[in-house]
Every structure is written in C-alpha cells, then in structure tokens.
Amino acid sequence: GESVGLHLPTLSVQEGDNSIINCAYSNSASDYFIWYKQESGKGPQFIIDIRSNMDKRQGQRVTVLLNKTVKHLSLQIAATQPGDSAVYFCAETSPNSGYSTLTFGKGTMLLVSP
Amino acid sequence: DVKVTQSSRYLVKRTGEKVFLECVQDMDHENMFWYRQDPGLGLRLIYFSYDVKMKEKGDIPEGYSVSREKKERFSLILESASTNQTSMYLCASSDRGNEKLFFGSGTQLSVL
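Remember, predicted model here, so these are calculated numbers, not experimental data.

Asks: Break down the pattern of salt bridges for me, citing the residues and quoting the values.
Replies: For the coordinates displayed, the defined rule picks out 10 salt bridges over all chains. In this structure, E99 of chain B engages R51 of chain A in a salt bridge whose closest nitrogen and oxygen atoms are separated by 3.2 Å. With E99 of chain B in the loop between β9 (87–94) and β10 (102–103) and R51 of chain A in strand β4 (residues 45–51), the pair connects residues from two separate chains. The buried category is assigned to E99 of chain B, whose relative accessible area is 13%. Where D38 of chain B meets R44 of chain B, a salt bridge forms, and the shortest distance between an N and an O atom there is 2.9 Å. Given a relative accessible area of 11%, D38 of chain B falls into the buried group. Accessibility expressed as a relative area gives 25% for R44 of chain B, which makes it partly exposed.

Okay, here's the thing in structure tokens:
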C-alpha cells in the first residue's frame, strides 16, 4: 500500500476564500521564520518572514502570525487566487544554528478551485 | 533580483557514474547551499559553504561532496551515483548574516 508519509497535507479552497496554512515548530530557541511558496517544477520562492520579537507581519495579501507560547506559525492568504496553488513551506532558524541554516517543514499543498 | 541558476533541469545517469551538479549565483552572496527534496521528507540539507574553498556538512552528506572554487559557483558531486540518490536537487544562496535563502529552479536527477 501507499505510505501516508508520501502525501502532503492538502488544503482545498475556492477562489476568493481566505486560506490559512499552519506550521508547528519544536525549537523554542528559533527566532526567525520564513514562508516559502513552491510552484510545480520550480524552486521555493520567498513570501514573507517574521522575527520572534513580533507576533504578526503583513505583506501584500499575506499575513504571518507567530505564537511563541505554543510554537505555532500560520500563513494567511486573503482572497485566494488560482495562481496561489502551490506547496507552502515554513522554515525556521535559531541563534545556535551556526551559519544561517534553515530547517524546513514538510510543506502543505494549497489547491485553489476557480 | 537575485538569480540562482542550476545548469541542468533534468539529468538521467547510470548507477556508478560520477555526477556534477552546477550552481551559479549572481548576487555576490557568501553563503551557498545544496538541498535535496523528496516526497514526504521535505528539504534536507546536504552541504553548505560560507566562503570560497570552505564547506560544511549538512544533515545528509553521505555519498556527496562539494566544491567552491569561486564565490559565485557551488558544485555538488556524486562520486558514484546510486538509485537512492534519485531526487530533486535545489541550490540556494544567501548573504552573510541573512537567513533568507534564494533558490534555483532545481535539477531533477534520475539514477537508473
């Protein structure tokens, strides 16, 4: 049979809806977080970042929320469009990670229906 | 805009072959990275370099080596390719003291 581990968590939304993609991290020392978007056949692209001295940051149609108490990060996409369909990764780093190495989550696939 | 260019989009190699994956960045970044990406496992760091001729092992360096003879170029070498090295390989770069990575488009390597 198929391995569950091969399947990405998937979020399916309708065009125009708001999307929320979640990410949990385990390192309480992590102090910088990034969201990346990866479209099919392309490398990951930077979307938005946030440092641990903030709990919210907004970009164009995107908002990142950070809850350090429960070690949780979310990406909110307003008025989701078909072009937003992609895999979204969170990444984190901490002061003791050495030479700026990021640790990536497994990713969430966002599917937007017209 | 930062451009990270990987020399090949698709590669097919035979088991035992020596394979070179090339990456070039045009923004004078000090740091360069090689990741592999596999379904269900996400991105895993193979090697990185923070300066010319410097290299550091990542999480999964076994079976790989790297070369950084020039600042803009970072090569990943598979000394003797094996089928379990079939994967998407992603190169990335970043500026010193800046954690934000810029990625290339990836090389899909198939080892038969």
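Asks: I'd love a proper account of the sheet that holds strand β8 (residues 73–78) of chain B, names of residues and values included.
Replies: All names here are of chain B. Within the open sheet, the four strands sit side by side as β1-β3-β8-β7. Their pairing is antiparallel. What marks the edges here is a single partner per strand, and that holds for β1 (4–6) and β7 (65–70). The average undirected angle you get between the axes of adjacent strands in this sheet is 20 degrees. Judged from the six bridges that link them, strand β3 (residues 19–25) and β8 form a sheet pairing that is antiparallel. What sits directly across from L21, in β8, is L76.

Asks: An account of the sheet that holds strand β7 (residues 72–77) of chain A is needed here, citing residue identities and associated values.
Replies: Residues and elements named next belong to chain A. Strands sit in the order β2-β7-β6-β5 across an open sheet of four strands; the sheet is antiparallel. Pairing within the sheet leaves two strands with one partner each, and these edge strands are β2 (19–24) and β5 (56–58). For this sheet, the mean inter-axis angle between neighbouring strands, taken without regard to orientation, is 15 degrees. Where β5 and strand β6 (residues 62–67) come together, three bridges link them in antiparallel fashion. Paired with Q58 across the two strands is T63, which belongs to β6.

Asks: Give a description of the state of the cysteines that names residues and reports values.
Replies: Residue and element names in this part refer to chain A. One pass over the structure, following the stated rule, counts two disulfides over all chains. Covalently, C23 is tied to C90 through a disulfide, its sulfur atoms 1.7 Å apart. Judged by the sign of its S-S torsion, about 45 degrees, the cystine formed by C23 and C90 is right-handed. Taken together, the positions of C23 in strand β2 and C90 in strand β8 (residues 86–93) put the pair 67 residues apart, joining distant regions of the chain.

Asks: Let's hear about the confidence of the model for chain A: which residues, and what values?
Replies: Detailed reading of predicted coordinates is not advised where the pLDDT is low. Chain-level pLDDT for chain A is 89 on average; 90% of the residues reach the 70-or-more range. Low pLDDT, under 50, characterises residues 1–5 of chain A; the stretch is placed with three contacts to residues that sit more than four places away or in other chains.

Quick notes on the rules
- Residues numbered from 1 in each chain as written.
- Chains lettered and ligands numbered in written order.
- Predicted model: local features only at pLDDT ≥ 70, side-chain atom pairs only at ≥ 80, totals over all residues.
- Heavy atoms only, no water.
- Salt bridge = Lys/Arg side-chain N within 4 Å of Asp/Glu carboxyl O.
- Helix = DSSP H or I, 4+ residues; strand = E, 2+ residues; numbered from the N terminus.
- Buried < 20%, exposed > 50% of the residue type's maximum accessible area, 1.4 Å probe, protein only.
- Pairing = 2+ DSSP bridges.
- Axes fitted to C-alpha atoms, helices over the stretch in contact; angles between N-to-C directions.
- Disulfide = S-S within 2.5 Å.
- pLDDT = per-residue confidence, 0-100.
- Contact = heavy atoms within 4.5 Å.

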